[in-house]
Amino acid sequence: MDEQLHAMRHSLAHITAAAVKSLWPEAKFGVGPVVENGFYYDIDLGEHTISESDFKRIEKEMRRIVNEGQAFEQFDMPVDQAIDWAQQNGQPYKEELLNDLKRSGTTVARDLDVDELGLATDGDAAVEHVSFYKNGEFVDLCRGPHVANTHDVGAFKLLRVAGAYWRGKEDKPQMQRLYGVAFATQEELDTYLENLEQAKLRDHRKLGKELDLYTSSPLIGGGLPLFTPRGTILRDMLNALAQKYRLDRGYQKVWIPHIAKLDTYKTSGHFEKFPELLRFTSTESGDELALKPVNCPHHTQIYASQPRSYRDLPIKYVETTAVYRDEKSGELGGLNRVRAITQDDSHVFCTEEQVEGIFAELIESAQSLYESLGLKLSLRLSFRDDADNYLGSRESWDKAESAIKGLAERFQLEYEVGIGEAAIYGPKMDFMATDALNRKTQLATVQLDYAQPERFNLEYTTESGEKQRPVMVHCALLGSIERFLSIYIEHTAGWFPFWAAPEQLRILTINDAVNDYVGEIRAILDGFVLDAPVKYNELRYAVDDRNESLGKKIREAAKMKIPVQLIVGPKDQEAREVSVRTQSGEEKVALDQLVGYLKGL
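Residues numbered from 1 in each chain as written. Predicted model: local features only at pLDDT ≥ 70, side-chain atom pairs only at ≥ 80, totals over all residues. Heavy atoms only, no water.

(A) Structural view of the nonpolar core. Ranked by internal contacts, the top residues of the largest apolar core, which has 79 residues, are F359, M429, I521, L525 and L566. Per-element accounting of this core gives the leading share, 8 residues, to helix α12 (residues 355-372). Those residues in contact with L525 that sit more than four places away from it in its chain are L505, I507, L539, Y541, L566, L594 and L598. A7, I15, V66 and C142 belong to the second-largest nonpolar core, a separate cluster that totals 33 residues. (Core = buried A, V, L, I, M, F, W, Y, C linked by side-chain atoms within 4.5 Å. Buried < 20%, exposed > 50% of the residue type's maximum accessible area, 1.4 Å probe, protein only. Helix = DSSP H or I, 4+ residues; strand = E, 2+ residues; numbered from the N terminus. Contact = heavy atoms within 4.5 Å.)

(B) Representation of the confidence of the model for the protein chain in the model. Mean pLDDT over the protein chain: 90, with 95% of residues reaching 70 or higher. Confidence, expressed as mean pLDDT per element, reaches its minimum in the protein chain at helix α5 (residues 106-109) with 41 and its maximum at strand β21 (residues 460-461) with 98. Contacts from residues 106-124, a stretch scored under 50 in pLDDT, to residues over four places away or in other chains number 56 contacts. (pLDDT = per-residue confidence, 0-100.)

(C) Quick look at the side chain of E319. If you trace the backbone, E319 turns up in strand β15 (residues 315-324). With no salt bridge to any partner, buried E319 finds its closest opposite charge in K292, at an N-O distance of 5.8 Å. From its side chain, E319 meets the backbone nitrogen of I256 in a polar contact 2.9 Å long. For E319, the residues in contact, after removing those within four places along its chain, are Q243, V254, W255, I256, H299, Q343, D344 and D345. (Lys, Arg positive; Asp, Glu negative; His and termini not counted. Salt bridge = Lys/Arg side-chain N within 4 Å of Asp/Glu carboxyl O. Polar contact = N/O pair within 3.5 Å; in protein donor to acceptor, adjacent residues only side chain to side chain.)

(D) Layout of the pairing of strand β20 (residues 440-449). Judged by how many residues are buried, β20 sits mostly within the fold: 9 of 10 residues are covered. Counted along the chain from strand β19 (residues 428-434) to the antiparallel partner β20, the turn is 5 residues long, and its residue N438 has a positive phi close to 65°. Note that β20 and strand β23 (residues 471-480) share 5 bridges and pair antiparallel. Among the inter-strand pairings, T445 is bridged to a residue of β23, identified as A476. (Pairing = 2+ DSSP bridges.)

(E) Broad picture of the pattern of salt bridges. Counting across every chain of the model gives 37 salt bridges. Of the charged contacts in the structure, one is a salt bridge between E454 and R469, with a shortest N-O distance of 3.1 Å. A residue pair is termed long-range when its members are at least 10 positions apart, and E454 in helix α14 (residues 451-455) and R469 in the loop between β22 (467-468) and β23 qualify at 15 residues. What makes E454 partly exposed here is its relative accessible area of 49%. The network of salt bridges with shared partners includes E96, D100, R167 and K172.

(F) Inspection of empty space enclosed by the protein at higher detail. Going through the model one piece at a time under the given rule, you end up with 2 cavities of 30 Å³ or more. Taken together, L211, L213, R230, G494, F496, A501, P502, E503, M560, K561, I562 and P563 make up the full set of residues lining the largest cavity. Partitioning the lining of the largest cavity into residue classes produces 8 nonpolar, 1 polar and 3 charged. Estimated volume of the second largest cavity: approximately 40 Å³. If you trace the second largest cavity, you find it lined by L391, S396, W397, A400, Y425, P427, Y450 and A451. Here the lining of the second largest cavity takes 3 residues from helix α13 (residues 394-410), the largest share from any one element. Split into classes, the residues belonging to the lining of the second largest cavity amount to 7 nonpolar, 1 polar and no charged. (1 Å grid on protein atoms, 1.4 Å probe; cavity = no way out; pocket = protein on both sides within 12 Å on 5 of 7 lines; lining within 4 Å. Points joined across faces, edges and corners; volume = space filled by probe spheres on them. Nonpolar A, V, L, I, M, F, W, Y, C, P; charged D, E, K, R; others polar.)

(G) Spotlight on the sheet that holds strand β6 (residues 138-141). Overall, antiparallel pairing links the 3 strands, which are arranged β4-β5-β6 in an open sheet. Here the strands that pair on one side only, and so sit at the sheet edges, are β4 (73-78) and β6. When strand polarity is set aside, the average angle formed by the axes of neighbouring strands in this sheet is 30°. The pairing of strand β5 (residues 129-135) with β6 spans 4 bridges and is classified as antiparallel. Considered in β6, the bridge of F132 is made with L141. This element, helix α1 (residues 3-23), spans β5 and β6 of the sheet and lies at about 125° to β6. (Axes fitted to C-alpha atoms, helices over the stretch in contact; angles between N-to-C directions.)

(H) How the structure looks around the sheet that holds strand β29 (residues 577-582). Strand order in the open sheet formed by 5 strands is β27-β24-β28-β29-β30, with mixed pairing between adjacent strands. Each of the sheet's edge strands pairs with one partner strand only, and the pair in question is β27 (541-544) and β30 (585-590). Each adjacent strand pair in this sheet contributes to an overall mean axis angle of 25°, direction not counted. Both strand β24 (residues 505-509) and strand β28 (residues 564-568) contribute to a ladder of 5 bridges, which runs parallel. Bridging from a neighbouring strand, R506 pairs with Q565 of β28. Seen against the sheet, helix α16 (residues 515-526) touches β24, β27, β28 and β29 and runs at an angle of roughly 170° to β24.

(I) Representation of the environment of L377. In this fold, L377 is placed in strand β17 (residues 376-383). Owing to a relative accessible area of 29%, L377 belongs among the partly exposed residues under this scheme. Sequence separation between L377 and K588 is 211 residues; the distance between their C-alpha atoms is 38 Å. With near-sequence residues (within four places) excluded, L377 lies in contact with A366, Q367, Y370, F431, M432 and A433.

(J) Region of interest: the packing of aromatic side chains. As enumerated under the stated definition, the model contains 14 aromatic pairs in all. Aromatic ring contacts, followed pair by pair, group Y370, F484, Y488 and F496 into a single cluster. The ring of Y40 has R177 lying over it, and the distance from NZ or CZ to the ring centre is 4.0 Å. Sitting above the plane of the Y303 ring, R308 keeps its charged end 5.3 Å from the centroid. (Phe/Tyr/Trp six-rings, centres within 6.5 Å; stacked < 30°, edge-to-face > 60°. Lys NZ or Arg CZ within 6 Å of the ring centre and 35° of its normal.)

(K) Unusual backbone geometry, seen in detail. A cis amide bond, omega 0°, links G144 with the succeeding residue P145. Omega for the peptide link from A532 to P533 comes to 0°, which places this bond in the cis form. Not every positive phi belongs to a glycine, and R167 is a case in point at roughly 60°. One can find R167 in the loop between β7 (155-165) and β8 (174-183).

Here it is as structure tokens:
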């Protein structure tokens, strides 16, 4: 996001708060940062609950403030005086932030929303002064930045309101989080709002039900989707394509159990960093066990099961399997965030000299896979921050991050750097997929790991007979299959490509007079197998020969988004052809050319 747009959105957060304060003088405010595509402000209005019916009033007041052309004026205030200000103005949430700053300095500030805090000192010294901004009569604790004048904030719209615990903690008061979107021009805003309407129509939760892809059950539990036969076909087709890219490059399939001794994750470091892992004790053995949250420790033990030589490397394992993570119930929704996560996971154990070649294969695979699926890719290099929740030495991290950056530049890949986005054991190349509505999501990932070979004492024998640590490369091309499906369903609006569709073709009869001809068509279709992009892909089709009108049959097939509909009537039988309906339109295809036509889709 460019600095000017960020300042515009931040200024609109303050204008929103000023408008709410004007309408409800008793309003108490939390924080109001910039977020993707806009901003929000956390507000406490006591007994009054903001609803969409209030948006028009709030927006009207916001436009009054904008049209007045109020200047944004910055000034500093001693922290004790700022605390007095918060008390006198009935702002207990600001008072709490200021007291924390005074007590613990910037160490605490890093845990707060620093976009809303003005810090006049660096390091861990106590904060002596804080920054405020004033526009009109409204004054707020903030370090900026803002535009010079309320005239300069661009186009905006309030979008929704949601509940949010103060500072994200369930033991704190619940506030109302008022969201808005903002862009530099009205045209950009209109495009975004149109995309939002499209997103509602494409919502994977809505389409998942309509297309009979997956369901959920309160008896099974939240975040544990159940895939129907149709949804399972779609999963299997996409997974087969993702696996093909690695199987063609020498990866070997492996299989691991879904539980392991807790010691596994103590060795790997995952338990130390994530002690909330699901676990239970075996009544038979007394072993403490865990549902696996990751696959890599298991794969290390397959590698470690026998002596390895430099001649054996690289050793490449691939497996599509589930991991289990106890996500917060409030964050679960559809397929975006689940507790049973299926990964098309792979791990390579290689020498230092082989890393570049392994990355080249995986980069090429990711680019080709997503191009075939119609999703644009961009690259984020996910590096560590200065926190202490990472495995391995700083030296090994610097080495790995330098290697990742060097690989991106060697392959002439444009990238952005995401500080704090690394895995706990190493930096990553995260491929960000942009969908049909221009939304960007991280899906494929390639990760470089020096930590786990060290922690699990993995070795191979070099040409000179010495023992050496292998390097470990993690990769998931689809990532979480559930999350990928949520993106892909919405990207395609449920119109899946012919090769992947759960039901690829439906024969629609006009009347019973064509039953014998339908039998001939079925004999042809029964022998039809696609070999690209996935091999041994036998045709999935159905026949709708009910005593219903053709129009109803067509509408129902279109509602289920069947890619190909074959309409068969007496005239088609007489001409030895079929009428083919697709999204592109309708055309006649001779029966003896039907196989060639379908292979060309």
